[in-house]
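# Per-entry structural report
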Amino acid sequence: MSKPLTDHEKRKQISVRGIAGLGDVAEIKKSFNRHLHFTLVKDRNVATPRDYYFALAHTVRDHLVGRWIRTQQYYYEKDPKRIHYLSLEFYMGRTLQNTMINLGLQNACDEAIYQLGLDLEELEDIEEDAGLGNGGLGRLAACFLDSMASLGLAAYGYGIRYEFGIFNQKITNGWQVEEADDWLRYGNPWEKARPEYMLPVHFYGRVEHTNEGPKWVDTQVTVQVCFIFFLWGTNAPTRIVIPVNFDLFLKLQLYSIKIITSMECPHKTWKPTCAYTNHTVLPEALERWPIYMFEKLLPRHLQIIYEINQRHLDRVAALYPGDNDRLRRMSLIEEGNPKRINMAHLCVVGSHAVNGVARIHSDIVKTTVFKDFCDIEPEKFQNKTNGITPRRWLVLCNPGLADIIAEKIGEEFLTDLFQLRKLLDFVDDEMFIRDVAKVKQENKLKFAAYLESEYKVKINPESIFDIQVKRIHEYKRQLLNCLHVITLYNRIKKEPNKKFVPRTVMIGGKAAPGYHMAKMIIKLFTSVGEVVNHDPVVGDRLKVIFLENYRVSLAEKVIPAADLSEQISTAGTEASGTGNMKFMLNGALTIGTMDGANVEMAEEAGEENLFIFGMRVEDVEAMDKKGKVAINHITGTLFKVFADYEAYISCQEKVNELYRNPKEWTKKVIRNIAASGKFSSDRTIAEYAREIWGVEPSDVKIPPPNEPRE
Ligand SMILES: *Cc1c(COP(=O)(O)O)cnc(C)c1O
């Protein structure tokens, strides 16, 4: 028998990681040693693994900057329409491996690092996540940058360089404990400070009426430094400009206004320049800012908002004479104590396009929160179903799967994910079914080994890996999952000799520090785990694991190992979800409600290839109407959990049944992967570009090569 391959040898066989040329390898080794010496100021005697990571990061970064500068020159010459993407969050995660992939350098770096007696994966694991986001919304912005770059758009992201990212979550005695995420402690090789570009940002002060009109005077000024964060798409670059040191969300809005007002206004008004994407209809997340706060902090802005509101309401009054209730509903100012500004209304009035993030969500937006606005300007409202970048969420995190797909259909799917449809030709191909199942099993073993080495927990790799990872929230219904676990436990205890399909239920996610109920849900899970995991009657048929500190780099490890993806929010509450898409692309089957993008996933793959259960939006609405006065918030939450309990449990039984038949299971997996093309963020961004931003993705061609100009 031949010797089993080492991890390095296995990685070398994967062609989607880039073909390593010997010249490249020699050049990378040279550059690595030069950076270790001159940038890190160390030699091999005293260098730590972190030094090696930084030496490699600088080596890879060098490949980036030449192209980046050339691209800026190219944009300067061609002057294409620019896209400015503003977000308070860019949940970037790690950058090293992604950059190597997008530059086609991964195998060359792997070989170079190996020849230096080091291990690439070990070095990659040293990088801190850039955790500048909470969850799906921030990660979406990061996927969008990757797609904008890969489509060659002249796009710029504007965000905040928080000195501390989202907190690190520790589990102590079953409870969440938050620790500061000091991600910049060792420095960030992926950024360049631009202290020469400083912008003053004004606050407070008062408005003075002068001959030239109103002036904002006596303000307090903070000066902000600009940072550039380098990244590169599969074909082309983009950059994020990140101001530093902000402590208030509001300040980014100001910074954005500053950026906009420092540009020439290209039209009579700014309105055709701005577009607004709504990401949630949950009332607690729709911001309403107290007027007294505005008045103090931004007195001139408040006046302008009053003026916008006046013109807006005049228009509505002309269309609906005497309809005072409508005027009240549509006003930017909400009466009450305190009076508030409805920020979403301001966005709708100030934008030429408004969109939701999945078809069902866009429909709900039009018929609920913005109904009155839609009555007046229906053409303003659009849908752009979310997506994920297949570079990070397939090639980077699941190279084994990417490779067997490339063997069958070539590598075009990396920039045109609809090509995955071609996999339908192989649904009955015995070899392909075997390969898909084998890759999944390898991913499960690898994740099991990770859990054992990091957390000393042993799990059964033959069991269903049943995974729910996302922020902890009542509407996402982690409680429903918990009730299922308890049901399974009771069944084993009742009939211990009966055959059970073994399961490992893994839940992960952070609770907002002030969200008591979410923290209680974590405690409930860890407590249920204490009972289930130590019961000798249960053995390895059921385990409950809480995955500590869920974040982008952990998502990359756990999602490829999943058999079952839990997407079980109350219908009508999850705007889109993007976790659902990551699991689908990585060969997990979905158990889910008809909510968010699940609806479109079922449409693409055929409802029979997902496990769909529970109330539809109409059923939830009917329930809300009936129970409106009778129940408070907590009983309302529990009501919706119990309402879907039976449907969920019987749907989980169907999961078990199919899992007993591995071949049929894997066929469904293949049908799901083949149907996941729609959920590439390349498709999403191409739609935004054409239908909202007014640019053709092909308007800006792939930038010229990377050598600096003479
Ligand atoms: C994708 C992603 C999310 C979003 O997950 P949902 O299931 O859509 O809520 C949250 N956190 C991280 C780290 C992610 O990668």
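Computed from a prediction, not measured in an experiment: that's the story for all the values here. (Residues numbered from 1 in each chain as written. Predicted model: local features only at pLDDT ≥ 70, side-chain atom pairs only at ≥ 80, totals over all residues. Heavy atoms only, no water.)

## Structural notes on the confidence of the model for the protein
Per-residue pLDDT for the protein averages 91, and the proportion of residues at 70 or more is 91%. In this model, residues 244-250 is a region of pLDDT below 50 whose contacts with residues beyond four sequence positions or in other chains number 21 contacts. Under a pLDDT of 50 for its full length, residues 702-710 has, in the predicted model, 16 contacts with residues more than four places off or in other chains. (pLDDT = per-residue confidence, 0-100. Contact = heavy atoms within 4.5 Å.)

## A short note on the pairing of strand β19 (residues 503-508)
Most of β19 is tucked away: 6 of the 6 residues are buried. Of the two faces of β19, the one holding Arg-503, Val-505 and Ile-507 and the one holding Thr-504, Met-506 and Gly-508 are both buried throughout. Of the pairings in the sheet, the one linking strand β18 (residues 464-469) to β19 comprises 6 bridges and is parallel in character. Residue pairing for β19: Phe-465 is matched across the bridge by Thr-504. Regarding topology, helix α18 (residues 478-494) serves as the crossover connection from β18 to the parallel β19, and that connection is right-handed. In terms of strand pairing, β19 meets strand β20 (residues 542-547) through 6 bridges, oriented parallel. Considered in β20, the bridge of Gly-508 is made with Leu-547. You can see the chain leave β19, run along helix α19 (residues 516-533) and come back into β20, and the turn it takes is right-handed. (Buried < 20%, exposed > 50% of the residue type's maximum accessible area, 1.4 Å probe, protein only. Helix = DSSP H or I, 4+ residues; strand = E, 2+ residues; numbered from the N terminus. Pairing = 2+ DSSP bridges. Right-handed = clockwise from strand over helix to strand, strands pointing away.)

## Here's the deal with the packing of aromatic side chains
Per the stated rule, a full pass over the model turns up 18 aromatic pairs. Between Phe-32 and Tyr-52, the aromatic rings sit 6.1 Å apart at their centres with planes inclined by 20°, giving stacked as the arrangement. Of the two residues, Phe-32 is situated in helix α2 (residues 22-38) and Tyr-52 in helix α3 (residues 49-78); the sequence distance between them amounts to 20 residues. For the residue pair Phe-32 and Tyr-52, the accessibility class agrees, reading buried in each case. Where Tyr-85 meets Phe-144, the ring centres are 5.8 Å apart and the plane angle is 85°; that geometry is what we call edge-to-face. Remark: Phe-144 occurs in helix α7 (residues 136-150) and Tyr-85 occurs in strand β1 (residues 83-86); sequence separation between them is 59 residues. On the basis of relative accessibility, which here comes to 1%, the residue Phe-144 falls in the buried class. An aromatic cluster of at least three residues, connected via ring pairs, comprises Tyr-85, Phe-90, Phe-144, Tyr-688 and Trp-693. (Phe/Tyr/Trp six-rings, centres within 6.5 Å; stacked < 30°, edge-to-face > 60°.)

## Considerations on the pairing of strand β16 (residues 353-356)
Of the two faces of β16, the one carrying Ala-353 and Asn-355 and the one carrying Val-354 and Gly-356 are both buried. Two elements, strand β12 (residues 275-277) and β16, share 3 bridges in a ladder whose sense is parallel. If you follow Tyr-276 over to β16, its bridge partner there is Val-354. Two strands pair when backbone bridges link them, and β16 and strand β17 (residues 381-383) are joined in this way by 3 bridges, in the parallel orientation. Within the sheet, the bridge partner assigned to Gly-356 lies in β17 and is Asn-383.

## Focus on the sheet that holds β12
If you walk across this open sheet you meet the 3 strands as β12-β16-β17, and the pairing is parallel. Edge positions in the sheet fall to β12 and β17, since each of these pairs with one other strand and no more. Each strand axis lies, on average, 25° off the axis of its neighbour in the sheet, ignoring direction. Relative to β17, helix α13 (residues 359-367) is tilted by about 165°, and along the sheet it contacts β16 and β17. (Axes fitted to C-alpha atoms, helices over the stretch in contact; angles between N-to-C directions.)

## A look at helix α10 (residues 299-319)
The end-to-end C-alpha separation of α10 is 31 Å, in line with the 30 Å expected for 21 residues at 1.5 Å each. Regarding α10, the residues found buried are Pro-299, His-301, Leu-302, Ile-305, Asn-309, His-312, Leu-313 and Val-316. End-on view of α10: buried residues confined to an arc of 135°, all on one side of the axis. Summarising the geometry of α10, the exposed residues directed more than 90 degrees from the buried face are Arg-311 and Ala-318. (Expected span 1.5 Å × (residues − 1). Arc of directions from axis to C-beta.)

## What to know about the UniProt feature "modified residue: N6-(pyridoxal phosphate)lysine" (unreviewed entry) in the protein
Those places that UniProt annotates as "modified residue: N6-(pyridoxal phosphate)lysine" (unreviewed entry) correspond, in this numbering, to Lys-582. Tracing the backbone shows Lys-582 in helix α21 (residues 579-585). For Lys-582, a relative accessible area of 7% puts it in the buried group. Aside from chain neighbours lying at most four places away, what touches Lys-582 is Arg-139, Ile-388, Trp-393 and Ile-559. (UniProt positions renumbered as here; feature names shortened; annotations may be inferred.)

## Points about α18
Between the first and last C-alpha of α18 there are 25 Å, a value that for 17 residues agrees with the 24 Å anticipated at 1.5 Å per step. Buried within α18 we find Gln-478, Leu-479, Leu-480, Asn-481, Cys-482, His-484, Val-485, Thr-487, Leu-488, Tyr-489 and Ile-492.

## Observations concerning empty space enclosed by the protein
According to the stated counting rule, one finds 6 cavities of 30 Å³ or more in the structure shown. Around the largest cavity sit 16 residues that line it, and Tyr-53, Glu-127, Glu-128, Gly-187 and Pro-189 are the ones nearest its centre. Considering only residue class, the lining of the largest cavity consists of 9 nonpolar, 4 polar and 3 charged. Considered as a void within the structure, the second largest cavity measures approximately 110 Å³ in volume. Around the second largest cavity sit 14 residues that line it, and Met-92, Asn-98, Asp-146, Leu-231 and Arg-392 are the ones nearest its centre. Within the lining of the second largest cavity, the residues separate by chemical class into 5 nonpolar, 5 polar and 4 charged. (1 Å grid on protein atoms, 1.4 Å probe; cavity = no way out; pocket = protein on both sides within 12 Å on 5 of 7 lines; lining within 4 Å. Points joined across faces, edges and corners; volume = space filled by probe spheres on them. Nonpolar A, V, L, I, M, F, W, Y, C, P; charged D, E, K, R; others polar.)

## Comments concerning the site of the ligand
Close to the ligand lie 15 residues; Lys-470, Lys-476, Thr-578, Gly-579 and Lys-582 are nearest. In the environment of the ligand, an oxygen atom lies 2.8 Å from a nitrogen or oxygen atom belonging to the side chain of Lys-476. Thr-578 is positioned such that a nitrogen or oxygen atom in its backbone is 2.8 Å from an oxygen atom of the ligand. The fraction of the free accessible surface of the ligand (390 Å²) that becomes covered by protein chains is 96%. For the shell around the ligand, the secondary-structure elements that each account for two or more residues are α20 (552-558) and α21. Counted by class, the shell around the ligand contains 6 nonpolar, 5 polar and 4 charged residues. (Near = heavy atom within 4 Å. Polar contact = N/O pair within 3.5 Å; in protein donor to acceptor, adjacent residues only side chain to side chain. Areas by Shrake-Rupley, 256 points an atom, 1.4 Å probe, with all protein chains shown as cover.)

## As for the layout of surface pockets
Empty space within the second largest pocket amounts to approximately 1400 Å³. Among the secondary structure elements, those contributing two or more residues to the lining of the second largest pocket are α1 (7-12), α4 (96-102), α6 (120-124), α15 (390-396), α16 (399-409), α17 (430-455) and α20. With 10 residues, α17 is the largest single contributor of residues to the lining of the second largest pocket. Residues that form the lining of the second largest pocket fall into these classes: 11 nonpolar, 9 polar and 21 charged.

## Here we look at the packing of α17 against helix α26 (residues 662-674)
The N-to-C vectors of α17 and α26 enclose an angle of 90°; their axes lie 10 Å apart at closest approach. With respect to α26, the axis of α17 lies roughly perpendicular. Contacts from Glu-430, Phe-432, Ile-433, Val-436 and Ala-437 of α17 reach α26 at Lys-663, Thr-666, Lys-667, Val-669 and Ile-670. The residue inventory of the contact of α17 with α26, partitioned by class, reads 6 nonpolar, 1 polar and 3 charged. (Parallel < 35°, antiparallel > 145°, perpendicular 65-115°, else oblique.)

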